[in-house]
Amino acid sequence: LTSSRTSSRDLHLDLDVVAPRRRRAALEDALRDAIRGGRLGPGTVLPSSRGLAHDLGLGRGTVVEAYSQLLAEGYLVTRPGGSTMVAAATGPVPVARASSRSSAVVSRTRVDLRPGLLDLAGTFPRAAWFRAVRSVLASAPDSAFDYGDPRGRPELREALTAYLARARGVVTTPDRIVICAGFAHGLSLLCETLRAAGVSAVAMEDPCLPAHRAVVRRHGLAVVAMPVDGDGAQVGVLGAGVGAAVVTPAHQYPTGVTLQPRRRTELVAWARATGGVVIEDDYDGEFRYDRQPVGALQGLDPDHVVYVGTASKTIAPGVRLGWLVLPPALVDAVADMQRVGGAVPPALDQLVLAELIRSGQVDRHLRRLRLGYRRRRDMLIAALDQLGPDVTTTGIAAGLHLVARLSEGAATEDDVRAAAEGRGVALAFLGPHYHGGVDHDLRDQGVVVGYARQSAARFPRAVRELTAILRDASSLR
Ligand SMILES: Cc1ncc(COP(=O)(O)O)c(C=O)c1O
């Protein structure tokens, strides 16, 4: 260890700009920064508390307390003579960058037409959220700052009960709702609960979102494929060995088909006969353009269907709020998983969302969004129609994406991918959504086009880029 003396100058600390009651914390921060950054190396002897207090114009007690805190945290040690020095195992720590596989894609991307993403600048209701935060802070009971019910704030569960009944035909009471951090988290909680109850296999639509298959598998559950046709998931494949079935009835992801009434009845009959659980992912149920939204499957049988909703499409994915509407038999077990895991979403955010729902602002926000998305969808369909028989659009009645299917003998997904990369356009394809991955049936090739990411102003250009890519790709054939 080198043993060198230091002075208050090494701390780069200007206390004139720090409020008096923050000065001890500011001194602690400055010491930590100087040690972590290497300005105060291991073995450096610190000034006496009296000397530093004098230099900085602080009370001696303040410096003693700051030193004690850093002694307790292991940054400092005391020497036999009583002086204080920087501990041996400190010093600059190189901060490794976390890898992000998507960052390379994003940095080269000029136009983004991937599904599941929003135009955050144009859609997040900042002003309404701000007003709701103010109102919530003024009126929240003190209990909002406590640990609280693992199911989430009662205000949000009550607001959701009324909203979901009205907007989605969900049948529930507030005590059957558990607030979670979006669909992926809700699915994770359900898998954990079902596995603990002895379930070993979960059926999922084929195709479906690969990330959701990963959630199920990560919980040690086998994934059984439910092929999707024009009527939705083929639920006839479900057997007694399957404990749960995950479906997207209102707007199948990614194909966009609606689960037809006969399939709905069949699915519920399977659940009743086997004790299986249906997990309804209603990720974009609020967005329907051809007629009234298709009501939630949960309304058919609230005792066997778990309804899962999310704020990721209606407000923003970064809000990380979702809700599970549970059959009575599952409520305690899921709430217990939530309590043990400790990942209950922040109470204040829950109260803000409750306020936005209760005051009718969510409805207003959705009316505006629906109008804008409908315009974009129509523009996209009209442009794709110009391409002739090589491309057909499907799954257009609802949601924030459609599928541009590539006809047999026309361009393949690989052709389109190559053309898109050359132009800096980010696209998603049907292939990876299939359980068998990219080797799926070659007749079923398509681009999953999300129309919510680009701003309204940039959207027409994005559509032109897409059609140019599809033309380029076809000319490669
Ligand atoms: C099929 C599907 N389900 C659910 C979601 C929402 O997930 P989360 O609530 O975890 O953001 C998405 C988002 O894109 C989705 O595509």
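Our structure's up above, just so we're on the same page.
Residues numbered from 1 in each chain as written. Predicted model: local features only at pLDDT ≥ 70, side-chain atom pairs only at ≥ 80, totals over all residues. Heavy atoms only, no water.

## Some words on the overall build of the protein chain
Step number 1: Counting its secondary structure elements, the protein chain contains 15 helices and 16 strands.
Step number 2: Expressed as lengths along the three principal axes of its C-alpha atoms, the size of the protein chain is roughly 85 × 55 × 45 Å.
Step number 3: Classification of the 477 residues of the protein chain by burial places 51% in the buried group.
Step number 4: Of the contacts made within the protein chain by residues no fewer than 6 positions apart, 72% connect residues no fewer than 24 positions apart.
Step number 5: Accessible surface for the protein chain amounts to roughly 22,000 Å². Of this, 53% is attributable to carbon and sulfur atoms. (Helix = DSSP H or I, 4+ residues; strand = E, 2+ residues; numbered from the N terminus. Buried < 20%, exposed > 50% of the residue type's maximum accessible area, 1.4 Å probe, protein only. Contact = heavy atoms within 4.5 Å. Areas by Shrake-Rupley, 256 points an atom, 1.4 Å probe, with all protein chains shown as cover.)

## Structural notes on a nonpolar patch on the surface
Step number 1: A contiguous nonpolar patch, built from L137, F145 and L348 and spanning about 300 Å² of accessible area, is present on the exposed surface.
Step number 2: If you trace the backbone, F145 turns up in the loop between α6 (126-139) and α7 (154-168).
Step number 3: You can call F145 exposed: its relative accessible area is 53%. (Patch = residues over 30% accessible without salt bridge, like charges linked within 9 Å, V, L, I, M, F, W, Y side chains within 5 Å. Salt bridge = Lys/Arg side-chain N within 4 Å of Asp/Glu carboxyl O.)

## Concerning helix α2 (residues 49-56)
Step number 1: Along α2, the residues classified as buried are S49, L52, A53 and L56. Projected down its long axis, α2 shows its buried positions confined to an angular sector of 100°, all on one face. In α2, the exposed positions that point more than 90 degrees away from the buried face belong to R50 and H54.
Step number 2: Against α1 (23-36) and α3 (60-73) lie the buried residues of α2.
Step number 3: With its phi angle positive at about 70°, G57 sits one or two positions after the end of α2. (Arc of directions from axis to C-beta.)

## As for the sheet that holds strand β4 (residues 177-180)
Strand pairs in the sheet, formed through backbone hydrogen bonds, run parallel or antiparallel to each other.
Step number 1: Reading across the sheet, the eight strands line up as β4-β11-β10-β9-β8-β5-β6-β7 and stay open at both edges, with mixed pairing between neighbours. Looking at which strands have only one partner, the edges of the open sheet turn out to be β4 and β7 (232-233).
Step number 2: Lying over the sheet, α7 contacts β4, β10 (305-310) and β11 (322-325), oriented at roughly 105° with respect to β4.
Step number 3: On the sheet, helix α8 (residues 183-196) packs against β4, β8 (244-247), β9 (277-281), β10 and β11 and is oriented at approximately 170° with respect to β9. (Pairing = 2+ DSSP bridges. Axes fitted to C-alpha atoms, helices over the stretch in contact; angles between N-to-C directions.)

## Concerning the side chain of T172
Step number 1: With respect to the helices and strands, the residue T172 is situated in the loop between α7 and β4.
Step number 2: Non-local contacts of T172, meaning those with residues more than four positions away in its chain, are made with T161, I177 and V325.

## Observations concerning the packing of α8 against helix α9 (residues 210-218)
Step number 1: Contact geometry of α8 with α9 gives a least axis separation of 9 Å together with a crossing angle of 25°. By the angle between their directions, the pair α8 and α9 is classed as roughly parallel. The hand of the α8/α9 crossing is right-handed. For the pair α8 and α9, the contacting residues are F183, A184, L187, S188 and C191 in the first and H212, V215 and V216 in the second. (Parallel < 35°, antiparallel > 145°, perpendicular 65-115°, else oblique. Left-handed = near helix turned anticlockwise from the far one by under 90°.)

## Some words on the pattern of salt bridges
Step number 1: Taken as a whole and judged by the stated rule, the model has 27 salt bridges.
Step number 2: Here E465 ties to R423 by a salt bridge, and the two come within 3.4 Å at their closest N and O atoms. With E465 in helix α15 (residues 459-475) and R423 in helix α14 (residues 413-423), this pair connects stretches of sequence that are 42 residues apart.
Step number 3: The class for E465 is buried, based on a relative accessible area of 11%.

## A closer look at helix α10 (residues 261-274)
Step number 1: Between the first and last C-alpha of α10 there are 20 Å, a value that for 14 residues agrees with the 20 Å anticipated at 1.5 Å per step.
Step number 2: Burial in α10 covers these residues: R263, R264, L267, V268, W270 and A271. Projection of α10 onto a plane perpendicular to its axis shows the buried side chains occupying an angular sector of 150°, all on one side. Seen from the open side of α10, the exposed residues pointing more than 90 degrees away from its buried face are P261, R262, T265 and A273. (Expected span 1.5 Å × (residues − 1).)

## A short note on the sheet that holds strand β15 (residues 428-429)
Step number 1: Taken together, the four strands give an open sheet; going across it, the order is β12-β13-β16-β15, and neighbouring strands pair in antiparallel fashion. Of all strands in the sheet, those with a lone pairing partner are β12 (391-394) and β15, marking the two edges.
Step number 2: Summarising the sheet, strand β13 (residues 401-406) and strand β16 (residues 445-450) pair through six bridges and their orientation is antiparallel. Counted as the bridge partner of L402 is V449 from β16.

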